[in-house]
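Residues per chain, in single letters:
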Amino acid sequence: MSNYNYIALIPLLPLAGFLLLGLFGRRYFNKVSGILGTLLLGVSAILSLVAAYQYFIVNGMVDGVYPVIEPFKYTWLQFTDTLSIDMGILLDPISVMMLVVVTFVSLMVHIYSLGYMKGEERFATYYSYLQLFTFSMLGLVISSNLFQIYMFWELVGVSSYLLIGYYYDKPSAVAASKKAFIVTRFADLFFLIGILILGFTGNSFDFNTLINTLTSSEFATHFGASFLGISVVTWALTLIFIGGAGKSAMFPLHIWLPDAMEGPTPVSALIHAATMVVAGVFLVARLFPVFAITDSGALEIVAYVGIFSALFAAVIACTQNDIKRVLAYSTMSQIGYMMFALGVSSFGEHGAGYTASMFHLFTHAFFKSLLFLGAGAVIHMVHSNNMQDMGGLRKYMPITNITFLIGCLAIAGVPPFAGFFSKEMILHAAYESHPGIFYVALLTSGLTAFYMFRLYFSIFWNKKAHLHGEHHSEGTFSMKLPLIILATLSIATGFIPFGNFVSSDKTVLHSHFDIVFSIAPVLIGLLGISIAYNFYQKQSDKPTKIAAAAGGFYKAAYQKFYIDEVYIFITKKIIFNLIGRPAAWFDRNIVDGFINLTGNTTTKISSTIKGLQSGKVQGYAMYFFGGVLVLTLFFIYCLK
Amino acid sequence: MEVTLTHILFLSTSLFFIGMYGLFTRRNMITMLMAIELILNSVNINFVAFNKYLYPEELTGVFFTIFIIAIAAAEAAVAIAIIIHIYRDHKSIDVEDSQDMKY
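This is a predicted model, so every value here is computed, not measured.

Q: Explain the overall build of chain B here, please?
A: Along chain B, the regular secondary structure elements total three helices and zero strands. For a compact globule of 103 residues, the expected C-alpha radius of gyration is about 13 Å, and chain B comes in at 17 Å, more than 25% above that figure. Seen through its principal axes, chain B has C-alpha atoms that stretch 50 × 25 × 25 Å. Within chain B, the fraction of its 103 residues that count as buried is 10%. Across chain B, the fraction of contacts at a sequence separation of at least 24, relative to all contacts at a separation of at least 6, is 47%.

Below, the structure written as structure tokens:
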């Protein structure tokens, strides 16, 4: 079994689904389009599992290393003899892992949406967008070169835009979709510049060639080009990281993520929790050898941006009342974990951070989509996003209650749930190389436990449920099934020996599990949980008192530290006034003025000479003979 | 008296200017057409004369003349067709009456 040709089907099936549902779905089979999309994606998911089985188990390692396989590659654009842009499929441990994650979470979301989006008028459109997103995300993870990844990167951005703005009659959703698109697109500009610099330096866009060139020893010796005292490769990597930070909602480009929660909740689970937002992490991981070997300056940036975002988002998450926003900030915080895990890692033997980051990406995808889908079920029942409208729901929705609790325990890092193992590995990696980052991360994990259980107790315990209206059910079977599956995975995935499969140099990484080390994080987590229990298990005035005591800090955190206002100030006051208006003046007066001048001059000249065209035939004949006469005289006297 | 090239050129030039005079002074389109025929024929005479007096062993000038006669016939046919159309439209063949095609 060494034939991987069927891999191409994994992204192509959702593409086919997108075209089919997008073109014909709404008109001809709106009702069954959900089932059709789910079936297509089910096939994709099975193929991904087969691929993972084949890659990791059947074929396994060759000489102690997982091989990099490119089953498909053809030249798409040939610029010169040496420079071309290819389209291909690249299989290595992280892309195979991502294939499984993306197809699987997407499948869960597809199944869940069958119930959640039932009766929607644009049901088929919704599914076609989901399929488009899945196609782009799958294309992104198996891209074999930087340009291909960039194309799919943008496609992912577009489908995210479409899905956030799915309720296009809601002005807030439209604004959120525009915001997401513009912010990520702004970051992508830097990404593109980074790609061009890196491609120019490494003389190729292909990942394998690029990594080999940039990490080779000859390259390191004449590592000449630099700009402002920093080497060009560092610049390129930093720019690429900015692109990744935009997609992954790292500070200060995170402002779009909380607003993106305007989309349907399953979409948030798929795109803004499990798959698209980890694209930035994936990108850094993809280029990790270059980051780690060539130069560590860019990696430091990754680490510090990651840890800052993790803490920053965790603090905000403690104050928000919209349950989806809490989850959004929690996502940002967890992605910060993945980022700084990459940042503290080094290549090869001390690459525990890399493995930990990928491990956390893997487990986080399952428990975070579980939490979002659970939140979706709650919103579906209460018809509100605000946690103050909820409380005491555990009797009405037992399955959601249990699965949500499992998700919360997983993200809080309580053993034996999945998040415990991956977070433990991250903390350990940080402890070994950057103790400063480790302590901040420890604090953050306490905060994580606190805000997750604040959420949990506020929804399911706290006050007595007061539901109005008569129809209250937990949702259809198709909504419960994904919750149960994901909850099972949130427990099971932690036991996967991840170091055997994914590591920075594709060999086996022996992760040592230290029981003594994990006491502190677990205790911190339990402390966070017990504080939340104390505050929110029953209705009490303790939270308001604490908030009042924290005063200005609480208010700042509640207002998300005024980042949005800063952006508005910078764009409206500074950019619009200092750059926009002068540019508009220049355009209206100088550029348009020049065009108007040309036009007016032409009009004037033509109105003076138009009298020659009098309509009198004999006049024309006169001009003609006059012309002949002049020419004759000219030839006789001037050109002898 | 022997007829020289100068005599013939004198004749053709006179014919040419008579034609031009007719073209500019007449308002009737048919008359203007006749004036144009005069101009064309003055050219024909020139061709034949130059052929005969300067290169008597060649036939180029004569052939040109035949061409011009043919083309003049075609031109007359087209012109008369146009004039008939103008007449149907304006009930007049005075050039002063058809001045629609102007700025």
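Moving on, there is more to tell.
Q: Sorry, what's going on with the nonpolar core here?
A: Across soluble globular proteins, nonpolar side chains show a tendency to be buried alongside one another. Residue and element names in this part refer to chain A. Among the nonpolar cores identified, the biggest contains 200 residues, and Ile240, Val281, Val284, Phe340, Leu342 and Phe453 are the most heavily contacted of them. Considering each element in turn, this core owes the most residues, 19 residues, to helix α16 (residues 352-382). The contact partners of Phe453, leaving out residues within four places of it in the chain, are Cys408, Ala412, Gly528, Ile529, Ala532 and Tyr533.

Q: Before we go on, may I ask you to explain unusual backbone geometry in this structure?
A: Note: most residues except glycine have negative phi, and most peptide bonds are trans. The amide bond that connects Phe251(A) to the next residue, Pro252(A), takes the cis arrangement and shows omega of 0 degrees. Examined against the element boundaries, Pro252(A) turns out to sit in the loop between α9 (232-247) and α10 (256-259). Unlike most non-glycine residues, Ala249(A) shows phi in positive territory, near 55 degrees. Under the C-beta neighbour-count criterion, Ala249(A) is labelled buried, with 30 such atoms within 10 Å. Positioned with a positive phi, Lys91(B) is a non-glycine residue whose angle comes to about 60 degrees. Its place among the elements puts Lys91(B) in the segment after α3 (60-90).

Q: Quick question: what am I supposed to make of the interface of chain A and chain B here?
A: When the parts of a complex come together, some accessible area is lost, and that lost area is often used as the size of the interface. Facing ten residues of chain A, the contacting portion of chain B comprises nine residues. Here the side of chain A that touches chain B is built from residues that sort into four nonpolar, four polar and two charged.

Q: Even after reading the chapter, I still don't get the packing of helix α12 (residues 279-286) of chain A against helix α15 (residues 323-344) of chain A, so can you show me in this structure?
A: Residue and element names in this part refer to chain A. Interhelical geometry of α12 versus α15 gives an angle of 10 degrees and a closest axis separation of 10 Å. Judged by the angle between their axes, α12 and α15 are roughly parallel. Between α12 and α15, the contacting residues are Val281, Val284 and Ala285 on the first element and Ile335, Met338, Met339 and Leu342 on the second. The residue makeup of the contact of α12 with α15, split by class, is seven nonpolar, no polar and no charged.

Q: Could you clarify how one ought to interpret the pairing of strand β2 (residues 84-91) of chain A in this entry?
A: On any regular strand, side chains alternate: one points to one face of the sheet, the next to the other face. All names here are of chain A. Here seven bridges tie strand β1 (residues 69-78) to β2, and the two strands are oriented antiparallel to one another. Each bridged residue has a counterpart across the sheet, and for Tyr74 the counterpart in β2 is Met87. Hairpin remark: β1 followed by β2, antiparallel, with five residues in the connecting loop.

What counts and how
- Residues numbered from 1 in each chain as written.
- Chains lettered and ligands numbered in written order.
- Predicted model: local features only at pLDDT ≥ 70, side-chain atom pairs only at ≥ 80, totals over all residues.
- Helix = DSSP H or I, 4+ residues; strand = E, 2+ residues; numbered from the N terminus.
- Rg over C-alpha atoms; globule rule 2.2 N^0.38 Å.
- Buried ≥ 20, exposed ≤ 12 C-beta atoms within 10 Å, placed from the backbone.
- Contact = placed C-beta atoms within 7 Å.
- Core = buried A, V, L, I, M, F, W, Y, C linked by C-beta atoms within 7 Å.
- Nonpolar A, V, L, I, M, F, W, Y, C, P; charged D, E, K, R; others polar.
- Axes fitted to C-alpha atoms, helices over the stretch in contact; angles between N-to-C directions.
- Parallel < 35°, antiparallel > 145°, perpendicular 65-115°, else oblique.
- Pairing = 2+ DSSP bridges.

This is a description of form; function is not addressed.
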